[in-house]
Amino acid sequence: MAEIPPTETLTSVEHQDSTDQPNPSVSPAPPSAVGINLPEKRKREVEPEPEPSADKPKHPLWKTSLCSYFRRSGELCSHGETCRYAHGEDELRPRPDNTWDPTSERAKKMAKTNEQDEAVEEGGVMMTEALEEDGEESSSGLSKCIVNLPMKWSSDNFRPFLNEKGIVFKSAKKKKGMIVGFVTFESAEQSKTAVEKLDGQTVGNNRTLKVSDVIQRPFEKNSKAALPEKPSPDNDDENDSLLSSDSASKARSARDAVTPLAHMSYSDQLEHKKNSLAQILKRLTRNARKACPNGISLPEWILKAREIGGLPCKLEGIIESPLVNGYRNKCEFSVGNSLQGKHTVGFLLGNFREGVTAVEEPVDCPNVSRIACKYAAVFQEFLQQSSLPIWNRLNNSGFWRQLTVREGRQPCQIDADNAESSISEVMLMVQVCTLGSDEGKVKEELHRLAQAFSAGSTAESPPLPLTTLVIQDHTGISNAAPSDAPLRYIFLHRGGDCGLEIADDVAEPRIHDHISNLRFSISPSAFFQVNTLAAERLYSLAGDWADLGPDTLLFDVCCGTGTIGLTLAHRVGMVVGIEMNASAVSDAERNAEANGIKNCRFVCGKAEDVIGSLMKEYLSLPEKQDESRETSENNESEVNSSEENINSVDGVVGTEHSSVVNHVNGHAVNGCSKDEAKLEKDSISQSSSNPIQQFKNVVAIVDPPRVGLHPTVIKVLRTQSRLRRLVYISCNPESLVANAIELCTPSPDKSEKGNNKNNRGWRNMSAAGLARHRSKSMPESEPFKPVKAMAVDLFPHTPHCELVMLLER
Ligand SMILES: C[S@@+](CC[C@H](N)C(=O)[O-])C[C@H]1O[C@@H](n2cnc3c(N)ncnc32)[C@H](O)[C@@H]1O
C-alpha cells in the first residue's frame, strides 16, 4: 500500500490544480442571477509553503499545471523557483497520462486541432457507418462527412444551410450533440462541387468546416431486407462502461481507448491516481469553507486542513488490486465496423457525438481476460457470415448490438500468473434489436450463434467455460439497456455427440462468484463489482472503518446483490439493504439464504423513496421511548422538513437528479417502479407492528452509482441524528465530494436560510456549486466530519479508482 506523505501534497490555496477551476464554457451564472446569497468572501488564509529541497525527488505532477497566481498576474508567485506549478507555458510538462493542463494554451490549441484536423486525417472521422436514407444505402464514394458543425444543429438546421450554400444533395443528416453531419450525393459532380464550396468555410462561432470521406463498409452486403424500423432518436449517448471518456476522446487503438494508463508501470499508475484523488478531495475543504454560513465558526476539520496540505482528512493511501491483468469479470464489447470497414466486436475508439463509431478488437487491453477476448473473436467471426445486419449507430437500425462476457470464479487461492484457471463459469449475453425482424430467421440465427460459441469453447484445450447464453432484446438508441429489457435464455449443455442442447424459455440463469468465502448468485442485469478480488479488499476496509459489533444496525444503501451487507452480516446485529434493481434484490435474498445468513433484510426501491421510512421504522422504537422520544420526534420533523425543503428546491434540483439517474440507467425506471417503491413503503409501515430490535450503534455504508446520492437520501442521512458513522464508497470521487459538502457543512441558522426558489442558474453550476447551494437549505442538524479516506484500485490501467471515506459526528 502506498502512503501519501502530507508534505508531498499541495499546501497553498493559491496553488490549486487548474483542473479545479470551473470550465470557462459553463461558468455559473452570477449569484444575483440565480438568487443565491453568497456569504461575504472569507479572508484567504495563507498556508505554509512547501520546503524547497534539492535532493527530494520531484513530485510526479511537478510543473504539470499552471500556477494560478502566475496565470492571473503574469508574475512569479511567492514560491518562486520552488513552486511545483509551472510559471508559463514553457515550463509546463505533460501529465503522466500524456495530457496537458486543460487550461493551458497548448491544450486548447491541441483540442482545437484535434477537433478540426485530426478528425479528418487519414482515418477520416472514424465514422464507420454509412448513411442510409429511406432504406437506400448510399453508393460508395458519394457520401461525405462535414466535420465541425455546431453541436446544437439537427438535420433541420443542416439542410437549409446546405441549400443556402447552393449545395445539391440527395440526403443530409445531422444529429444534435454531434459535430459531424452526413451528406449523400446523386453524382460525383455534385460531391466535388460540395467539397469545393464547403471545405474551409467558417460557420457559427468561427468553426472551420472540413469535408471528409465516410469510411465505407466493404464487408457489408445486401442486408437491407432485414433492417428493422427506425426507433425515434431520444438519446445519443453511448455507455460503454469500459471506454475511458476522460482520456481518449478519439483513440487510435482499443488499448488507448480503454486502458490509457497501460503504458505506465503499475506503481506509477497508483501514484498518479493517488495524486489526482488528493486534488479532488481538496475541493471538499475549499467548498465547505465557502459554504460555511456567516456567523458560524469553521469546523475544526477545515481549520486543520492546512496541516495536511488542504485535504479534508488524511488520504491514507491506495490499496493495490491483487490482479493487475485480466481482472475484469465483465466486459461489454460493442459491435460495429472497424476503421477498415470490417464487422468487429470490441471497443469503440471514442464518442459517438464526435463522429466516432469505429470499433476495434480488444487487442492488448490488459484488463480483459483471454477468455473474454476469445469469445469476442468467436462472435466477430460469426458476424462475417450472418444474414442479419450489425447495429448502425447513425441510423439506429440493425440487429446485432453488443456482447457481454461475465465470468464467475471458484473460491480458491488465485495465482496472479494464471488467474484464468479460477474462472469456472461464463455467461454470454448478446444484445440484439429484433424490431421488424422475421422471427423464424431470428431463431435460426440465434441457434447458429449458440453453436458457434459452443464450438469456439470446445476448440480450446482445455475447453473454455461456457455456462449460459442470454439474448437481450433492446430497441433503444444507446446500448445501455434497462434492467427489465426482455431476455431469452439459451442453456448450453455439452454432452454426448450433439455438442450442445438449446433450451429456450427456461428460468433466469445466473453465474456465481465468491467474496469472503460467500457464494454470490448473479443474474444477467445485476451489478457486481468488475474486479472481484479487489472488491473483497474494498468491502473489508469499509467494514473495518464502520466499527461494527453485535449491537450494530447496518444500512447498506445501493446494495446491489447484497455483497457488502452479506460479507459484513456476521459482524453486526442486523443489515438493511436498499436497492432499486429488482433482480439484484432477489439475488441478494437468494444469496442470504444460500449462505445461511438470517439477519439481513433487502428492500427493493429507490433509496430516495424508501430510506426515510426505513430509518423511521428502525430508529423510532418504543423500548427506549423515554430517552429517544424527543430525538425521534425531532428526527421525524427534521426528515419532514427536509422533504419540504427538497420539494421547494426540487422543481429544479430534484428533477435534475432524477434525470441524471434515468440517463445513467438508460431508461425511466430501472427495477422497481415508484409505485412498487410506495408499496414497499406501505409494507414497511405495516411491518412496523412486528417487534424490531433496538440497536445502539447505527451505521450506513453507501455505495451509489456514478452520479452519487439523491438529495433526499443525503438529507435523511444528515438529519437522522442517531446515525453517527457513515462510510461512503464511491467510484466517482467528484460526486463523493459534492455529497460530502452537503453532509459536512454546518447548517445555517433559520435567519440565514435564503430564498431557494429562484434557481434558474442550476444547470450551469458545477456539482460542488450545486452542493454548496443545497447546503443552504439543509435543516438544522449536526454536520458530519471527514475522518479519513483511502483509495482502492479496482481498475488498473484506467484512470478510475474507488474511494472510501469515513464520516463521523
Ligand atoms: C456501485 S453499485 C454498488 C452495488 C453493491 N454495493 C456492490 O458493491 O455490489 C450501485 C448500485 O446502486 C443501485 N442504484 C442506483 N440508483 C439507485 C437508487 N436511486 N436507489 C437504490 N439503488 C440504486 C444500482 O442498481 C447498483 O446496484
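Residues numbered from 1 in each chain as written. Predicted model: local features only at pLDDT ≥ 70, side-chain atom pairs only at ≥ 80, totals over all residues. Heavy atoms only, no water.

### Considerations on the site of the ligand
Quick note on the threshold: We call a residue near a molecule or strand whenever a single non-hydrogen atom of that residue lies within 4 Å of it. For this analysis, a polar contact is any N or O atom pair within 3.5 Å, provided that within protein one partner can donate a hydrogen and the other can accept it, and provided that sequence-adjacent residues contribute only side-chain to side-chain pairs. Here the accessible surface of atoms and residues is derived via Shrake-Rupley with a 1.4 Å probe, and residues count as covered only by protein chains that are part of the display.
Not every one of the 18 residues close to the ligand is listed here, only the nearest: Tyr 539, Thr 563, Glu 579, Ala 607 and Asp 703. Within the side chain of Thr 563, one N or O atom sits 3.0 Å away from an oxygen atom of the ligand. Between Glu 608 and the ligand, the recorded distance is 3.0 Å, taken from a side-chain N or O atom to a nitrogen atom. Contact with the protein chains hides 94% of the accessible area of the ligand, taken as 590 Å² for the molecule alone.

### Side note on the sheet that holds strand β23 (residues 697-702)
Which entries qualify depends on this criterion: Pairs of strands are assigned from DSSP output, requiring at least two bridges between the strands. A run of H or I in DSSP becomes a helix once it reaches four residues, and a run of E becomes a strand once it reaches two; helices and strands are each numbered from the N terminus. Orientation is described by lines fitted to C-alpha atoms, with helices fitted over the stretch in contact, and by angles between N-to-C directions that extend from 0 to 180 degrees. Contacts: residue pairs with any heavy atoms within 4.5 Å of one another.
If you trace the eight strands from one edge of the open sheet to the other, you get β9-β25-β26-β24-β23-β20-β21-β22, paired in mixed fashion. Both outer strands of the open sheet, β9 (314-319) and β22 (600-604), are each paired with one neighbouring strand and no more. Sheet twist, expressed as the average angle between the axes of neighbouring strands with direction ignored, equals 15 degrees. Here strand β20 (residues 552-557) pairs with β23 via six bridges, running parallel. Residue pairing across strands places Thr 552 opposite Asn 697, the latter belonging to β23. Relative to strand β24 (residues 723-730), helix α19 (residues 733-744) is tilted by about 165 degrees, and along the sheet it contacts β24, β25 (785-792) and β26 (802-808).

### Here's the deal with the pairing of β20
Quick note on the threshold: Residue exposure (1.4 Å probe, protein chains only): buried if accessible area is under 20% of the type maximum, exposed if over 50%, otherwise partly exposed.
By the criterion of burial, β20 is predominantly enclosed, with six of the six residues buried. Residues Thr 552, Leu 554 and Asp 556 line one face of β20 and the alternating positions Leu 553, Phe 555 and Val 557 line the opposite face, and both faces are buried. Note: β20 against strand β21 (residues 574-579), five bridges, orientation parallel. Across the sheet, residue Val 557 finds its bridge partner in β21, namely Ile 578.

### Notes on the UniProt feature "zinc finger region: C3H1-type" (unreviewed entry) in the chain
Our working rule: UniProt positions are given in the numbering used here, feature names are shortened, and annotations may be inferred rather than shown by experiment.
Under the local residue numbering, the UniProt record ascribes the feature "zinc finger region: C3H1-type" (unreviewed entry) to residues 61-90. Overall, residues 61-90 shows 20% helix and 0% strand. The separation of its end C-alpha atoms is 16 Å.

### Focus: the pairing of β22
Keep this limit in mind: If the strands point away from the viewer and the path from the first strand over the helix to the second runs clockwise, then the crossover is right-handed.
Most of β22 is tucked away, with five of its five residues classed as buried. Both faces of β22 are covered, namely the face carrying Cys 600, Phe 602 and Cys 604 and the face carrying Arg 601 and Val 603. With five bridges joining them, β21 and β22 adopt parallel strand pairing. If you follow Val 575 over to β22, its bridge partner there is Cys 600. Considered for its hand, the β-α-β crossover made up of β21, helix α13 (residues 582-594) and β22 is right-handed.

### Comments concerning the UniProt feature "active site" (unreviewed entry) in the chain
Residues annotated by UniProt as "active site" (unreviewed entry) correspond here to Cys 731. Looking at the element boundaries, Cys 731 is found in the loop between β24 and α19. A residue is classified by how much of its surface remains accessible, and Cys 731, at 18% relative accessible area, is buried.

### Comments concerning the side chain of Asn 329
Relative to the helices and strands, Asn 329 is located in the loop between β9 and β10 (330-337). Excluding residues within four positions of it along the chain, Asn 329 makes contact with Val 405, Arg 406, Glu 407, Arg 409, Asp 513, Phe 528, Gln 529, Val 530, Asn 531 and Thr 532.

### A look at the sheet that holds strand β8 (residues 210-213)
To summarise the sheet geometry, strands pair through backbone hydrogen bonds and adopt either a parallel or an antiparallel arrangement. Read from one edge to the other, the open sheet built from four strands follows the order β4-β5-β3-β8, with strand pairing classed as antiparallel. Strand pairing shows two members of the sheet lacking a second neighbour, β4 (171-174) and β8, which therefore form its edges. Taking the axes of each pair of neighbouring strands and ignoring which way they run, one obtains an average angle of 25 degrees across the sheet. Here helix α4 (residues 155-164) sits on the sheet in contact with β3 (143-147), β4 and β5 (180-184), set at roughly 135 degrees to β4.

### Re the pattern of salt bridges
Once their charged atoms are close, side chains differing in charge can pair, the charge on each being opposite to the other. Our working definition: Within this document, salt bridges are pairs made up of a side-chain nitrogen of Lys or Arg and a carboxyl oxygen of Asp or Glu, the two lying within 4 Å of each other.
One pass over the full model with this rule turns up 18 salt bridges. In this structure, Glu 332 engages Lys 330 in a salt bridge whose closest nitrogen and oxygen atoms are separated by 3.7 Å. Among the salt bridges present, the one from Arg 571 reaches Asp 544, with a minimum N-O distance of 3.0 Å. Pair noted here: Arg 571 is in the loop between α12 (563-568) and β21 and Asp 544 is in helix α11 (residues 532-546), with a separation of 27 residues, a long-range link. A residue is classified by how much of its surface remains accessible, and Asp 544, at 48% relative accessible area, is partly exposed.

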